[in-house]
Amino acid sequence: MTEPAARAAGAAMNLERVPNEEKLNLCRKYYLGGFALLPFLWLVNVLWFCREAFLAPAYTEQPQIKSYVQRSAVGLLFWVVVLTTWVTIFQTHRARWGELGDYLSFTIPLGIP
Amino acid sequence: MMITFMNSSDSEEEACNERTSLISVESPPAASYQDGLQAPEAAETQTYRKRHTGGSCSPSDADSGNSDSGLPVRDIAVDNKEEELTLKYGAKHVIMLFVPVTLCMIVVVATIKSVRFYTEKNGQLIYTPFSEDTPSVGQRLLNSVLNTIIMISVIIVMTVFLVVLYKYRCYKFIHGWLILSSLMLLFLFTYIYLGEVLKTYNVAMDYLTLFFVIWNFGAVGMICIHWKGPLHLQQAYLIMISALMALVFIKYLPEWSAWVILGAISIYDLIAVLCPRGPLRMLVETAQERNEPIFPALIYSSAMVWTVGMAKQDAASRGLTQQTWDSAEDVRDIHDNPAYVESEISEARSPAPTHPTTSLLEELEEEERGVKLGLGDFIFYSVLVGKAAATASGDWNTTLACFVAILIGLCLTLLLLAVFKKALPALPISITFGLVFYFSTDNLVRPFMDTLASHQLYI
């Protein structure tokens, strides 16, 4: 592992000291990573680059960062809706499903449902 | 890293030993005194950034450049400023480390108090093979000492192994090892933890949601810790994995062994960091020689960004440095000292091109400073407080006493760090205080308070 890589790997990031191309790169990577069933990554992307994309003074890469942040937000919203519906359905109907409910369950609460 | 399975199904362990007993690191000051120029780098605490001392002129140049005082007066002023800075940074760093240590302990204590799983005896680790269920006190003591010896030798072996690997630049192996162990922490231990918490609160959870949640948590954790991510998220993940590891230790270490191990490991920490041939010291020195950061998965860093003290407030200085950071080089601090700041204000208002020192300022950059604390320290602090919460007869008194003791110890350690400016072991002072407070509170204060309460005597 070369020295710069050693320093970059796992470096705690403070966005102010990062050049714009790297910011764009990071934003893009986080956006692409979120497609691996990782809405949390999209959430982090939105929160982290929100200030850069919308509140910072304009620079060349900003429109692209803005688009990535917006797309991440859309994806995040989608997953939130999906998860909320599924959890609601599961929690309310679990007892009624009988065997399927038990099979799907990781923890089964004690007591009367 | 070894995974070993003992008698019961739940006992898994990881030799997390590469994380034990690392240190708060600070670099020596780069005090470059040139004629009439100052370099107030007294309290720089970020070891692993390249320092280019070529461009290291400070805004105080403006001050000294314009002052009429003679050179000796300026030198004395320099010394005083440096001491002030040192102590001020010491104080800031103490606060910066209080928060994560406190958070870690809160998580551990909250879990111990609510989730019964972590206080149930369910087998032991392979590293502590001697059981403590013996009839006689002497036998029990002997067993705990033997357990400690085995545990400490395992830790020593692992640490030496790590240092040897580092010295011979087997970075891939170390990286793989760290990734594997963080994977295990982030996925397996979180799975167990989540399962137990859900069982405690009697909540139903299906496999799909569970898989999803753990996958997200773990994957983002791996990205944040081993690659790049927002600082606060990385810090949060490090705190969480320290708490998880501490919980494992609390569950699987038998009573007396735990206390003896805590004592022994602080002694080991002292030796490993301060002795010239100590493995941890060699690790730090090698890293410093090669100008590399120690692996991120082992260290919590509370980085602050300090900007050039060229303006009166943070915002203004940040504005200035954002324009000029591109060609920047070195680290400077905000000088809160009002008298000092005013002279700088007058400098800042003078037209830039005509003033020589502002052009030097164009070449200055923000750099991170902060204190680094090893994850092993987090883990063992939390083990101490968690064990106090789990087993003490006095409910919250003992826990709080241990908590306060550890924080006091941390304060003292950081003070020493500010004074000595080199890597120091963070465990010994805190653990000693913690142990003293635990045993004295448990055995002296608690019965005292009980007797007072039963006699309705309030003091």
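Given the structure is predicted, the values throughout are model-derived calculations rather than measurements.

Colleague: Describe the overall build of chain B, naming the residues involved and giving the relevant values.
Modeller: Counting secondary structure elements, chain B contains 14 helices and 6 strands. Sequence separation of at least 24 residues holds for 80% of the intrachain contacts in chain B that already meet a minimum separation of 6. With an accessible surface of roughly 19000 Å², chain B has 67% of that area assigned to carbon and sulfur atoms.

Colleague: Could you give an account of unusual backbone geometry, with specific residues and numbers?
Modeller: Peptide bonds are mostly trans, and most non-glycine residues show a negative phi. A positive phi is found at Arg169(B), a non-glycine position, where the angle reads about 60°. In this structure, Lys421(B) takes a positive phi of about 60° despite not being glycine.

Colleague: Explain helix H7 (residues 255-274) of chain B residue by residue, including any values.
Modeller: In an α-helix, one full turn covers 3.6 residues, which means residues spaced three or four apart are oriented alike. The end-to-end C-alpha distance of H7(B) is 29 Å, a good match for the 28 Å that 20 residues give at a rise of 1.5 Å each. The set of residues buried in H7(B) consists of Ser257(B), Ala258(B), Trp259(B), Ile261(B), Leu262(B), Gly263(B), Ile265(B), Ser266(B), Tyr268(B), Asp269(B), Ala272(B) and Val273(B).

Colleague: Residue-level account of helix H3 (residues 39-55) of chain A, with values.
Modeller: With 17 residues, H3(A) should reach 24 Å at 1.5 Å per residue; the first-to-last C-alpha distance of 23 Å fits that figure. A maximum bend of about 50° is found in H3(A) at Phe49(A).

Colleague: Can you lay out the packing of helix H12 (residues 375-391) of chain B against helix H13 (residues 395-420) of chain B for me, pointing to particular residues and giving the numbers?
Modeller: Residues and elements named next belong to chain B. Axis separation between H12 and H13 bottoms out at 8 Å; the angle between their running directions is 160°. As the angle between them shows, H12 and H13 are arranged roughly antiparallel. Here the hand of the crossing between H12 and H13 comes out right-handed. From H12, Tyr381, Leu384, Val385, Ala388 and Ala389 reach across to H13, where they touch Thr399, Cys402, Phe403, Ile406 and Leu410.

Colleague: Could you give an account of the pattern of salt bridges, naming the residues involved and the relevant values?
Modeller: A full pass over the atoms with the stated rule returns 5 salt bridges over all chains. One salt bridge in this structure joins Lys23(A) and Glu52(A), with 3.1 Å as the shortest N-O distance. Residue Lys23(A) is located in helix H2 (residues 20-33), and its partner Glu52(A) is located in helix H3; the two are separated by 29 residues in the primary sequence. Glu52(A) matches Lys23(A) in its accessibility class, with the two residues each being buried. A salt bridge links Arg116(B) to Glu120(B), with the shortest nitrogen-to-oxygen separation between them at 4.0 Å.

Colleague: A description of the packing of helix H3 (residues 137-167) of chain B against H7(B) should follow, citing residues and the corresponding values.
Modeller: Residues and elements named next belong to chain B. Running from amino to carboxyl end, H3 crosses H7 at an angle of 40°, the nearest separation of the two axes being 8 Å. The angle between H3 and H7 places the two elements in the oblique class. Here H3 runs over H7; the crossing is right-handed. For the pair H3 and H7, the contacting residues are Val137, Arg140, Leu141, Ser144, Asn147, Thr148, Met151, Ile152, Ile155, Ile156 and Thr159 in the first and Glu255, Trp256, Ser257, Val260, Ile261, Ala264, Ile265 and Tyr268 in the second.

Colleague: Help me get a handle on the UniProt feature "transmembrane region" (unreviewed entry) in chain A, residues and values and all.
Modeller: On the UniProt side, "transmembrane region" (unreviewed entry) is annotated at positions that read residues 30-48 and 68-90 of chain A here. Regarding residues 30-48 of chain A, the helix share stands at 74% and the strand share at 0%, and the terminal C-alpha atoms are separated by 10 Å.

Colleague: Residue-level account of the confidence of the model for chain A, with values.
Modeller: Low-pLDDT stretches of the model should not have their predicted coordinates read in fine detail. Residues and elements named next belong to chain A. Chain-level pLDDT for chain A is 81 on average; 87% of the residues reach the 70-or-more range. Here helix H1 (residues 3-8) stands out as the element of chain A with the lowest mean pLDDT, 35, in contrast to helix H4 (residues 62-93), whose mean of 92 is the highest. Counting contacts from residues 1-10, a segment whose pLDDT is below 50, to residues more than four positions away or on other chains yields 22 contacts.

Colleague: Break down the UniProt feature "transmembrane region" (unreviewed entry) in chain B for me, with residues and values.
Modeller: Residues and elements named next belong to chain B. Taking the numbering used here, the UniProt-annotated feature "transmembrane region" (unreviewed entry) corresponds to residues 94-112, 145-166, 173-195, 207-225, 232-250, 256-275, 400-420 and 426-445. The span residues 173-195 shows a helical share of 100% and a strand share of 0%, and its end C-alpha atoms are spaced 32 Å apart. With 95% helix and 0% strand, residues 426-445 has its two end C-alpha atoms placed 27 Å apart.

Colleague: Tell me about a nonpolar patch on the surface, residues and numbers included.
Modeller: A contiguous nonpolar patch, built from Leu444(B), Val445(B), Phe448(B), Met449(B), Leu457(B) and Ile459(B) and spanning about 630 Å² of accessible area, is present on the exposed surface. Looking at the element boundaries, Ile459(B) is found in the segment after helix H14 (427-454).

Colleague: Residues and numbers for the environment of Leu162(B), please.
Modeller: Residue placement: Leu162(B) occurs in helix H3. Put simply, Leu162(B) and Leu283(B) are 121 residues apart on the chain and 8.6 Å apart in space, counted from C-alpha to C-alpha.

Parameters and conventions
- Residues numbered from 1 in each chain as written.
- Chains lettered and ligands numbered in written order.
- Predicted model: local features only at pLDDT ≥ 70, side-chain atom pairs only at ≥ 80, totals over all residues.
- Heavy atoms only, no water.
- Helix = DSSP H or I, 4+ residues; strand = E, 2+ residues; numbered from the N terminus.
- Contact = heavy atoms within 4.5 Å.
- Areas by Shrake-Rupley, 256 points an atom, 1.4 Å probe, with all protein chains shown as cover.
- Expected span 1.5 Å × (residues − 1).
- Buried < 20%, exposed > 50% of the residue type's maximum accessible area, 1.4 Å probe, protein only.
- Bend = angle between axes of the 7 residues up to and from the residue.
- Axes fitted to C-alpha atoms, helices over the stretch in contact; angles between N-to-C directions.
- Parallel < 35°, antiparallel > 145°, perpendicular 65-115°, else oblique.
- Left-handed = near helix turned anticlockwise from the far one by under 90°.
- Salt bridge = Lys/Arg side-chain N within 4 Å of Asp/Glu carboxyl O.
- UniProt positions renumbered as here; feature names shortened; annotations may be inferred.
- pLDDT = per-residue confidence, 0-100.
- Patch = residues over 30% accessible without salt bridge, like charges linked within 9 Å, V, L, I, M, F, W, Y side chains within 5 Å.

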